[in-house]
Amino acid sequence: MGKPGPRADAPPGEAAGDGAGALGEALTATDSRARRIGCAYAEDAEWAVEEVVRRYGDVPVCLVGRGVGGRAALRAAGHPAVVSVVALGPVLDGADGADGTDDAEPVRHLRGRHVLLVHGTNDARSDPELSFRFAERAKKVNARVCRFEVHTDGHGLRGYAAEVAALTRDFVLGTLCARDLCRPLTDALAAPPPLGLRMPLASGFGKSLR
């Protein structure tokens, strides 16, 4: 089975699995093209998990994605090999089910997984409230969901890149290697909504972890 080639709807010069975060920056959360591409990336993510299983056998997998890639990671997390998923500033569908519609972003497949969402409060391209409402629905079917807010940061989470990287690294190693998670993550996972879904990511986070 070969790796999928570039998507026909991807920007020129960009392969389907490359630059998902950069692509997410070029699109708004309400852009229908972004939603189509997000679904296409989810197919690529599922293929990647299958490849991991084919090559390495029964090993745990953590999916990490940013922007449109964050949505793809969340959608592909239902694979049996996936134990955890990280979505950084995910570009989610505006139809979140709050109005009773049936076209909400799915959450039931996240049962049994550890889920971390991180979103900048000043994200003008991907509405942070959509990821909060998504996390609310996911938390109802899976207690192991948490979400952090990066105050004053935008879509790329560049202002607190070191802190976001430290949080992601701790989460990935903890969920894949059965390590103890850092205190902010354990507190966020244990806290009831909305506290555990609006946890602030402190400036300088990660320096004390090493």
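As shown above, the structure is provided for reference.
Residues numbered from 1 in each chain as written. Predicted model: local features only at pLDDT ≥ 70, side-chain atom pairs only at ≥ 80, totals over all residues. Heavy atoms only, no water.

1. A few points about unusual backbone geometry
Logical step 1: Residue Pro194 is bonded to the preceding Pro193 through a cis peptide linkage, with omega at 0°.
Logical step 2: Mapped onto the elements, Pro194 comes out in the loop between helix H6 (183-190) and strand E5 (199-200).
Logical step 3: The phi dihedral of Thr152 falls on the positive side, at around 70°, and the residue is not glycine.
Logical step 4: Mapped onto the elements of the fold, Thr152 is located in the loop between strand E4 (145-150) and helix H5 (161-177).
Logical step 5: When its relative accessible area of 57% is taken as the criterion, Thr152 is described as exposed.
Logical step 6: A positive phi is found at Leu157, a non-glycine position, where the angle reads about 55°. (Helix = DSSP H or I, 4+ residues; strand = E, 2+ residues; numbered from the N terminus. Buried < 20%, exposed > 50% of the residue type's maximum accessible area, 1.4 Å probe, protein only.)

2. Here we look at the nonpolar core
Logical step 1: Ranked by internal contacts, the top residues of the largest apolar core, which has 23 residues, are Leu63, Leu74, Val85, Leu117 and Phe134.
Logical step 2: Those elements that place two or more of their residues in this core are helix H2 (32-56), strand E1 (61-66), helix H3 (68-76), strand E2 (82-88), strand E3 (114-120) and helix H4 (128-141).
Logical step 3: Counting residues per element, this core draws most heavily on H4, which supplies four residues.
Logical step 4: Setting aside anything within four residues of it in sequence, one finds Leu117 in contact with Leu74, Ala87, Pro90, Ser131, Phe134, Ala135, Val145, Cys146, Arg147 and Phe148. (Core = buried A, V, L, I, M, F, W, Y, C linked by side-chain atoms within 4.5 Å. Contact = heavy atoms within 4.5 Å.)

3. Some details on the environment of Phe205
Logical step 1: Counting through the fold element by element, Phe205 comes out in the segment after E5.
Logical step 2: Residue classification places Phe205 among the buried residues on the basis of a relative accessible area of 14%.
Logical step 3: Sequence separation between Phe205 and Tyr160 is 45 residues; the distance between their C-alpha atoms is 9.1 Å.
Logical step 4: Those residues in contact with Phe205 that sit more than four places away from it in its chain are Glu163, Ala166, Leu167, Cys182 and Pro184.

4. What to know about the pairing of E4
Logical step 1: E4 sits mainly inside the fold: six of its six residues count as buried.
Logical step 2: Residues Val145, Arg147 and Glu149 of E4 are buried on one face, and the alternating residues Cys146, Phe148 and Val150, pointing to the opposite face, are buried as well.
Logical step 3: In terms of strand pairing, E3 meets E4 through six bridges, oriented parallel. Directly across from Leu116, in E4, lies its bridge partner Cys146.
Logical step 4: Handedness of the crossover joining E3 and E4 through H4 is recorded here as right-handed.
Logical step 5: Pairing of E4 with E5, which is carried by two bridges, proceeds in the parallel orientation. Bridged to Phe148 within E5 is Met199. (Pairing = 2+ DSSP bridges. Right-handed = clockwise from strand over helix to strand, strands pointing away.)

5. A word on the sheet that holds E4
Logical step 1: Read across the open sheet, the five strands follow the order E1-E2-E3-E4-E5; overall the sheet is parallel. Every interior strand has two partners, whereas the edge strands, E1 and E5, have only one.
Logical step 2: Docked against the sheet, H4 engages E3 and E4, running at close to 160° with respect to E4. (Axes fitted to C-alpha atoms, helices over the stretch in contact; angles between N-to-C directions.)

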